[in-house]
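So the chains spell out like this:
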Amino acid sequence: MIQVGVNGYGTIGKRVADAVAAQPDMELVGVAKTRPNFEAETAVRKAYPLYAAVPERVDRFAEEGLELAGEVDELVAAADVIVDCTPSGIGAENASLYEDHDTPTIFQGGEDADVAEVSFNARANYADAVGADSARVVSCNTTGLSRILAPLEEEWGVEKARVTLVRRGGDPGQTDRGPIDDILPDPVTIPSHHGPDVNTIFPDLDIDTLGMKVPATLMHTHSVNVTLESEADAEDVLDRFADETRLFLIPPGADIDGSGKLKEFAHDTGRPRGDLWENCIWAESVTVEGRDLYLFQAIHQESDVVPENVDAIRALSGDADAAESRRTTEDAMGVGIDY
Ligand SMILES: NC(=O)C1=CN([C@@H]2O[C@H](COP(=O)(O)OP(=O)(O)OC[C@H]3O[C@@H](n4cnc5c(N)ncnc54)[C@H](O)[C@@H]3O)[C@@H](O)[C@H]2O)C=CC1
Ligand SMILES: O=C(OP(=O)(O)O)[C@H](O)COP(=O)(O)O
């Protein structure tokens, strides 16, 4: 059993912890939290050993009636792999703690690429992380792009990708984020950071990305144009995508017109927290003009990176079978939508 610790128990961390706890070959040794808030309370309810991320705040947990298993360095020492799910930039500050304990580490996409030996996507470059000391699971948007680019590159070759990312302003719980009544080019400079981030996974791929932010919380939406190296038709692309378990092709008859109904569908089908771990591609949007492929996809920012984190744990632990890891992850979590 791979002993896994999660440092940072927020939007991503709590989902990674649940996914780890569900795996047949992993054990969650604990989660570290800075504050005794509602998420700490739910960790205790789930019987996840709770560690204090900031030693000076230990007393605050006792004041709220929350029992601690210890402090974060004890969690790092006990873990075979630590998954850092702290806010952007804090992961890099924590790196020396993990190095001091020789504990292989997974960082998240908010960190700069140089925080880890390798940037990771389970579909595109699993092998690069096998046996590494650290990996960075690329951001939700880069994960969503990598999952479609990998099969396109393998089947037809990618001459050039152009993507406009309409990004949600903040997650549902991020009440301090915006915009609340605007549409922002964000970043206003081109390319956005997403294209270079895709290049950490596909170093030679030609891609331009443009980013915007809108007053929405549920999901990101991508407008994708990929110029393929060889001719394809839309049916071939749909057939190829249908083989990918982490892509959900929204059927035309489903009457799902946006993120709202996608999330409703997720809740109706009993998904935990209404999570959509798969890219949600509108099948009707998949269009090919010559060698130009077009499509729209929605990306659930809070959850698509979660199965990737689980696979990254196995890769760092030395399990070299990417397909087997993905299958185990998906079976344990229930990833894959058969509509
Ligand atoms: N929320 C999202 O849509 C996505 C986030 N990411 C990335 O995942 C990482 C985490 O993001 P979120 O989960 O959204 O953030 P979050 O703010 O929801 O959760 C971070 C957690 O870490 C805790 N924390 C803060 N400082 C800490 C420290 N020194 N030690 C331990 N814990 C600490 C916070 O209290 C919070 O519970 C970031 O790198 C982010 O860019 C990646 C994909 C999507
Ligand atoms: O990594 C993300 O998005 P990004 O790829 O657009 O930077 C996550 O959705 C977090 O984005 P945020 O930095 O707007 O919270």
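The name an unreviewed UniProt entry assigns to the protein chain is Glyceraldehyde-3-phosphate dehydrogenase, from the organism Haloplanus aerogenes. Looking at the Pathway (unreviewed entry) heading of the UniProt record, one finds this comment for the protein chain: "Carbohydrate degradation; glycolysis; pyruvate from D-glyceraldehyde 3-phosphate: step 1/5." Quoted verbatim from the Subunit (unreviewed entry) heading of the UniProt record, the comment on the protein chain is "Homotetramer."

Caption draft 1: Inspection of the site of ligand 1 at higher detail. Inspection of the region around ligand 1 gives 21 residues, with Thr11, Ile12, Lys33, Thr34 and Asp171 positioned closest. One of the backbone nitrogen or oxygen atoms of Gly110 is found 3.1 Å away from an oxygen atom of ligand 1. One of the side-chain nitrogen or oxygen atoms of Arg168 is found 3.1 Å away from an oxygen atom of ligand 1. For ligand 1, the accessible surface in isolation is 820 Å², of which the surrounding protein chains cover 82%. Of the residues that constitute the shell around ligand 1, the class distribution is 7 nonpolar, 10 polar and 4 charged. Counting only domains with at least three residues in the shell around ligand 1, you end up with domain 1 (2-138 + 304-333) and domain 2 (140-299).

Caption draft 2: Fine view of the sheet that holds strand 7 (residues 118-120). Judged by pairing direction, the sheet is parallel, and its 8 strands sit side by side in the order 4-3-2-1-5-6-8-7 without closing on themselves. Two strands in the sheet have a free side with no partner beyond their single neighbour: strand 4 (70-71) and strand 7. Direction of pairing for strand 1 (residues 2-7) relative to strand 5 (residues 81-84): parallel, over a ladder of 4 bridges. Along strand 5, the bridge assignment pairs Gly5 with Ile82.

Caption draft 3: How the structure looks around the nonpolar core. Core analysis: the biggest nonpolar cluster contains 44 residues, and Val6, Val16, Val31, Val83, Ile106, Phe120 and Ile313 have the highest contact counts within it. Contacts of Val31, omitting those with residues within four sequence positions, involve Val6, Tyr9, Ala17, Ala43, Tyr48, Pro49, Leu50, Tyr51 and Leu75. By size, the runner-up hydrophobic cluster in this structure holds 32 residues, among which are Leu149, Val224, Val226 and Leu247.

Caption draft 4: Just the domain arrangement of the protein chain, in detail. When the domains of the protein chain are assigned, the result is domain 1 (2-138 + 304-333) and domain 2 (140-299). Counting from both sides, the interface comprises 25 residues of domain 1 and, opposite them, 23 residues of domain 2. Roughly 1900 Å² is buried in total at the junction of domain 1 and domain 2, and carbon and sulfur atoms are behind 46% of that figure. Sorting the residues of domain 1 by area buried against domain 2 places Arg123, Val138 and Asp304 first, and these three jointly supply 37% of that buried surface. The interface formed by domain 1 and domain 2 includes 9 salt bridges. The residue Arg15 makes a salt bridge to Asp275 at a minimum N-O spacing of 3.0 Å. The tally of links from domain 1 across to domain 2 stands at 14 residue pairs in polar contact (both at pLDDT 80 or more). Secondary structure elements with two or more residues in the side of domain 1 that touches domain 2: helix 1 (11-21), strand 7, helix 10 (305-316) and helix 11 (322-333). Per element, the largest residue contribution to the side of domain 1 that touches domain 2 is 5 residues, and it comes from helix 10. The residue makeup of the side of domain 1 that touches domain 2, split by class, is 9 nonpolar, 5 polar and 11 charged.

Each value, and the rule that gives it
- Residues numbered from 1 in each chain as written.
- Chains lettered and ligands numbered in written order.
- Predicted model: local features only at pLDDT ≥ 70, side-chain atom pairs only at ≥ 80, totals over all residues.
- Heavy atoms only, no water.
- UniProt positions renumbered as here; feature names shortened; annotations may be inferred.
- Near = heavy atom within 4 Å.
- Polar contact = N/O pair within 3.5 Å; in protein donor to acceptor, adjacent residues only side chain to side chain.
- Areas by Shrake-Rupley, 256 points an atom, 1.4 Å probe, with all protein chains shown as cover.
- Nonpolar A, V, L, I, M, F, W, Y, C, P; charged D, E, K, R; others polar.
- Domains from an automatic or database assignment.
- Pairing = 2+ DSSP bridges.
- Helix = DSSP H or I, 4+ residues; strand = E, 2+ residues; numbered from the N terminus.
- Core = buried A, V, L, I, M, F, W, Y, C linked by side-chain atoms within 4.5 Å.
- Buried < 20%, exposed > 50% of the residue type's maximum accessible area, 1.4 Å probe, protein only.
- Contact = heavy atoms within 4.5 Å.
- Buried area = accessible area lost by both parts, 1.4 Å probe.
- Salt bridge = Lys/Arg side-chain N within 4 Å of Asp/Glu carboxyl O.

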